[in-house]
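Here is how the chains run, residue by residue.
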Amino acid sequence: MARTASAAVPPPPSRAESPVEEADETPYFDSVDDLQQHGINVQDILKLKAAAINTVSGVNMTTRRQMLKIKGMSEAKVEKIKEAAHKINGSSFATGLELQEKRKRVLIISTGSKSVDAILGGGIMSHIFSNGSVFVTTPPSLVYGEYRTGKTQLSHTMSVVAQLPPELGGAAGKVRTFRPDRIKSIADRFGVDGDMALENILYARAFNSEHQMELLNECSQRFAEDKDFRLLVVDSIMALFRVDFSGRGELSERQQKVMLLQMLSKLSKISEEFNASLMLLMNDVAILITNQVQSDPGATMTFVAGGALKPIGGHILSHASATRIFLRKGRAEERVAKLVDSPDKPESEASYKLDDGGWADI
């Protein structure tokens, strides 16, 4: 199980009560190695892993066309692998009662601010359940805003909170993000040993958009090997794309072609892969991505807060995220989080501040 960080009497984080229930089941998902029991040879399984397909759910999420691009894969092999994956996973349909059971096992990670948690329904979720709908979605949560609004501070705060047990607002797991000096000060706030918190965090710096995609593929592999991860943070999603693809001349290549769409698709697949089974407690992974903003001259005459600012990436990035939160500066040290889009929550705002312990209430 995850190496939970705790002290003798850790102070509870500022958050609404999480509906997550304790469970004794070991986090579980179908590894791609299970295909061997259905007649798939080891060499073909290794080829799938080399293509960043590490789970049986990952096989189902990959099109036949994509699998045929893997070196050494023929149409016959692809069909055999697809059939084996379907036998293991079974039907994709589920009853309302099964979805209700899954709802009890959603991971909710606190932002560190009770007021912000309240408008989010408790915090950042690993699943989103739309009210009045039978659909369960697991896209990432998107936070965007100008500099000094706390995007990276939120990443750091949640990196520590995610290691706490569920009853304290965490997810009892490990994280991928961060900056060591900030982690220790935030860990002190929650009564967590700083070195233990750092031990449970994996960090990698991407140097270009292609490298960022390679790191996501490695994340998928690590999640399949180590079932203790609970939070993946990408800070920020568009920064490297702005450097690699500059100007309107390369806008279409950035938005429509390979990298951005593939990266967003990969993030959604990671979330879905490791949140996959309906009746078993999974290796649930919440995904948080941050984004920068740019000025919109055409919106300067509007009276909406932040109307002159819009997130980079356009509609493609907006459609790829389930929950979108816009951050802006308030008076003095106040910061304001506006819930712009959510499947089951109305638009609303909440105030917070940034201090040595990360995100906190005013």
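None of the values given here were measured: they were computed from a predicted structure.

### Some remarks on the environment of Ser-348
Argument step 1. When you line up the elements, Ser-348 lands in strand S14 (residues 348–355).
Argument step 2. Take Ser-348: its relative accessible area is 22%, and that puts it in the partly exposed class.
Argument step 3. Separated by 23 residues in sequence, Ser-348 and Ile-325 have C-alpha atoms that sit 9.9 Å apart.
Argument step 4. Apart from residues no more than four positions distant in its own chain, Ser-348 is found in contact with Ile-119, Ala-337, Lys-338 and Leu-339.

### As for the pattern of salt bridges
Argument step 1. Within the structure shown, the criterion is met by 9 salt bridges.
Argument step 2. Among the salt bridges present, the one from Asp-44 reaches Lys-77, with a minimum N-O distance of 3.4 Å. In this pair, Asp-44 is assigned in helix H1 (residues 42–50) and Lys-77 in helix H4 (residues 75–89), connecting sequence segments 33 residues apart.
Argument step 3. One salt bridge in this structure joins Arg-64 and Glu-79, with 2.6 Å as the shortest N-O distance. With Arg-64 in helix H3 (residues 64–68) and Glu-79 in helix H4, this residue pair connects regions lying 15 residues apart in the sequence.
Argument step 4. Arg-64 gets classed as partly exposed once you look at its relative accessible area, which sits at 42%.
Argument step 5. Bridged by salt links that share partners, the residues Asp-44, Lys-47 and Lys-77 form one connected network.

### A word on unusual backbone geometry
Argument step 1. The backbone of Ala-52 shows a phi angle near 65°, a positive value even though the residue is not glycine.
Argument step 2. Its location among the elements puts Ala-52 in the loop between H1 and helix H2 (56–61).
Argument step 3. Notably, Arg-148 is not glycine yet its phi reads approximately 65°, a positive angle.
Argument step 4. Secondary-structure assignment places Arg-148 in the loop between strand S5 (141–145) and helix H7 (151–161).

### Topic: the pairing of strand S8 (residues 229–234)
Argument step 1. In terms of burial, S8 is largely enclosed, as 6 of its 6 residues are buried.
Argument step 2. Bridge count between S8 and strand S9 (residues 286–291): 4 bridges; the pairing is parallel. Considered in S9, the bridge of Val-234 is made with Ile-289.

### Details of the nonpolar core
Argument step 1. Ranked by internal contacts, the top residues of the largest apolar core, which has 31 residues, are Leu-231 and Ile-325.
Argument step 2. Elements with a contribution of two residues or more to this core: helix H6 (114–120), H7, helix H8 (180–189), S8, S9, strand S12 (323–329), strand S13 (334–341) and S14.
Argument step 3. Here this core gets 4 residues from one element, more than from any other, and that element is H7.
Argument step 4. The contact partners of Ile-325, leaving out residues within four places of it in the chain, are Leu-120, Ile-124, Leu-142, Val-143, Tyr-144, Ala-337, Lys-338 and Leu-339.
Argument step 5. Phe-223, Val-285, Ile-289 and Ala-320 belong to the second largest nonpolar core, which has 25 residues in total.

### Some details on the packing of aromatic side chains
Argument step 1. The tally for this structure, following the rule as stated, stands at 2 aromatic pairs.
Argument step 2. Note on Tyr-144 and Phe-326: the rings are 5.4 Å apart at their centroids and 40° apart in plane angle, and the pair reads as tilted. On the criterion of sequence distance, the pair formed by Tyr-144 in strand S5 and Phe-326 in strand S12 is long-range, its members being 182 residues apart.
Argument step 3. Classification of Phe-326 by relative accessible area gives buried; the value is 5%.
Argument step 4. With 3.9 Å between their ring centres and 20° between their planes, Tyr-352 and Trp-359 make a pair best called stacked.

Rules used in this analysis
Residues numbered from 1 in each chain as written. Predicted model: local features only at pLDDT ≥ 70, side-chain atom pairs only at ≥ 80, totals over all residues. Heavy atoms only, no water. Helix = DSSP H or I, 4+ residues; strand = E, 2+ residues; numbered from the N terminus. Buried < 20%, exposed > 50% of the residue type's maximum accessible area, 1.4 Å probe, protein only. Contact = heavy atoms within 4.5 Å. Salt bridge = Lys/Arg side-chain N within 4 Å of Asp/Glu carboxyl O. Pairing = 2+ DSSP bridges. Core = buried A, V, L, I, M, F, W, Y, C linked by side-chain atoms within 4.5 Å. Phe/Tyr/Trp six-rings, centres within 6.5 Å; stacked < 30°, edge-to-face > 60°.

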